[in-house]
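Take a look at the letters that make up each chain.
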Amino acid sequence: MTTNPDDAASRQPPEATPSPGGGASRGAETRERRGGLGALGWGFIGMLWGYAIYRLGVFWHRYDDYSFGWFVPLLCLCLFWLRWNDRPHRDPVRAGSGTFLVLGLCAFTLLPAVLFSVVMPHDRFAAWLFAVPVVAITVIALYFIGGRSYARHFLVPALFLLLAVPWPLKVETPLTVRMAKLNAAVSTRVVNHLGTPAVRNGVLIETGAGPIGRDTACSGVRSFQAGVMISLFLGELFQLGFFRRALLLLGGLGITFLCNVVRTTLLVRASDLKGMDAVNLYYDPAGFIILGITTASLLLLAWMLSLKARAGEVRKEEGAERGEGRAESEPSEGDNPPATDETTPVAPIGWLQTALIAVVAWVTAVEAGAVLWFGPVGKTSGLQPVWALNLPSQSPEFRLLPISKSVGGDLQFDEGKSAEWRDAGGRTWKLSYLRWLPSASGYGATPPPARQLEAGAVGLLGAGMVLQTNLGVQSLVVNGVGIEVGTRRFLSGGRLVHVCRGYWKAGQSHADLPPERASESDFGQVFRALKARERGLREQRLIELAVWGMETDGEAQAAFQDYLAGMIGQAGKRNAGTEGATPR
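Residues numbered from 1 in each chain as written. Predicted model: local features only at pLDDT ≥ 70, side-chain atom pairs only at ≥ 80, totals over all residues. Heavy atoms only, no water.

(A) Inspection of a nonpolar patch on the surface at higher detail. Taken together, Leu 300, Trp 303, Met 304 and Leu 307 make up a surface patch of nonpolar side chains, about 380 Å² in accessible area. For Leu 307, a relative accessible area of 36% gives the class partly exposed. (Patch = residues over 30% accessible without salt bridge, like charges linked within 9 Å, V, L, I, M, F, W, Y side chains within 5 Å. Areas by Shrake-Rupley, 256 points an atom, 1.4 Å probe, with all protein chains shown as cover. Salt bridge = Lys/Arg side-chain N within 4 Å of Asp/Glu carboxyl O. Buried < 20%, exposed > 50% of the residue type's maximum accessible area, 1.4 Å probe, protein only.)

(B) The packing of helix α5 (residues 97-119) against helix α6 (residues 124-153), seen in detail. At a minimum axis separation of 8 Å, α5 and α6 run at an interaxial angle of 155 degrees. Here α6 runs roughly antiparallel to α5, going by the angle between their axes. Considering the relative orientation of α5 and α6, their crossing is left-handed. Contact with α5, carried on its side by Thr 99, Phe 100, Val 102, Leu 103, Cys 106, Ala 107, Thr 109, Leu 110, Pro 112, Ala 113, Phe 116 and Ser 117, involves Phe 125, Ala 126, Leu 129, Phe 130, Pro 133, Val 134, Ala 136, Ile 137, Ile 140, Tyr 143 and Phe 144 of α6 and no other residues of that element. Of the residues assigned to the contact of α5 with α6, the class counts are 20 nonpolar, three polar and no charged. (Axes fitted to C-alpha atoms, helices over the stretch in contact; angles between N-to-C directions. Helix = DSSP H or I, 4+ residues; strand = E, 2+ residues; numbered from the N terminus. Parallel < 35°, antiparallel > 145°, perpendicular 65-115°, else oblique. Left-handed = near helix turned anticlockwise from the far one by under 90°. Contact = heavy atoms within 4.5 Å. Nonpolar A, V, L, I, M, F, W, Y, C, P; charged D, E, K, R; others polar.)

(C) View of the packing of aromatic side chains. All told, the structure shown has 23 aromatic pairs when counted by the stated rule. Look at Tyr 66 and Phe 68: their rings are 6.0 Å apart centre to centre, the planes differ by 35 degrees, and that puts the pair in the tilted class. Relative to Phe 125, the ring of Phe 116 has its centre 5.3 Å away and its plane inclined at 70 degrees; by these criteria the two rings are edge-to-face. On the basis of relative accessibility, which here comes to 37%, the residue Phe 125 falls in the partly exposed class. Taking NZ or CZ as reference, Arg 87 lies 3.9 Å from the ring centre of Trp 84, over its face. In this arrangement the basic side chain of Arg 541 is found over the ring face of Trp 387, its NZ or CZ atom lying 4.3 Å from the centre. (Phe/Tyr/Trp six-rings, centres within 6.5 Å; stacked < 30°, edge-to-face > 60°. Lys NZ or Arg CZ within 6 Å of the ring centre and 35° of its normal.)

(D) Just unusual backbone geometry, in detail. You will see that Gln 239, though not glycine, has its phi angle at about 55 degrees, which is positive. Looking at the element boundaries, Gln 239 is found in the loop between α9 (221-237) and α10 (242-274). Assessed through its relative accessible area of 48%, Gln 239 is described here as partly exposed.

From the geometry alone we can't say anything about function, so treat these as descriptive.
Below, the structure is given as structure tokens:
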């Protein structure tokens, strides 16, 4: 067992020989003040971060684009170890009432964060509502251990955890669309210069072999996130200054975008030369190669910036040796200990220990209360009306289609079907059907709420569509099944496309589906779920229908209702989640 030299120094007895002016007593008092929390503080941080990994792991499991979050705590530990080797001496812990008040507020915020996570396990707001207080409590615990010097010194490893928190959709969605469009525009120009005829249509690249879109060329968001994380990590690893870290970050973003353009260009060329099957063959290898090139390029850039920083330090040292620095007679900052603020008394160790123990007790009470109120995670709601999906397989040119990788990664469904056919009038129809089963654990598949699905892009049917009008959401009862139905009209390639989305949740009757439900706030859903003592883990289903060539909106809506009446079949009452499902 190793012994912290700071703790050992604080346990040494004071010098017995008095010095003029009471120097010995002041030295003993200083050493006594510098003793903050020891093993209890570090153990508290370890438990807190273990709890954070458990809670945030739901989001890392849920979103494929954030699966790298499992590695971020390891990177935080690495950064912490790097800073531990040159840690400063511990300062006096002068925690006043304000410090304990902030700690209490952060701990209390974990209550609504846990409630949001239970009721809306997919919601990114819940992730930030949880992660920010955890980081703040970590910094306060570091202050309890070593004062301001420890809190400042280990601030970067603590903040690094926030890189693993899913970005809000209001930030990520516009960024995704803009990056995808820019990537498609640049790649289209490049492949045309290389001899492959291609036309950009939104985020799609149309070629003779077929469209290359988000499924095959991706939007670049995952590589963008990786570039940000790697740049910040290397900046800390090489101990770069603020200006050079900013240059490294900007350079990393440029490198990741360039590499993503190269990847898209390679896939488009492969589709032109060898067909669409070659795209699926080269998709994953190209991604790993580009990731390796991106990491190596960032490592080289960080190394070059560190060399420039070291060269500047050498010039400063040479100038100091020539007398350009301070005179030898001037005292250095290290000759005397820094002055301490005597206005705030040193907080007793007992208070610090009690505060951290109270936080642990509070978190335990919150988790236990959630289990007692909502019931165990695997608890189901009993008998629910279950309906079966009947595909129009007798329609002309009916065929089943594979579901794209991007949809499977984004929505994490348990069962999915996709089909295409033509009606009697020769119009093309396309269907996507997704089903989420009740989860036996917090890490099960959980769908986005109906309002997010309704407000999102047409991810199930394709990209490159321009929204013309939103025809609203209405509550329908189809063969005894209550379902929310939203309709929109798009323009795609000069043709009108009407899209209908039907959303169903187990245990929800048509009487519970007012039109304003689609615009209900997150807080409203949480309060309603609290009152009903319902976890957000019930079976849910989504039907998305699209038709090309309808002349009017009313004609499209009537056709949607006719198809829904034929596809939704009442299957009686049985345990939710048992009808024809293939779990992931």
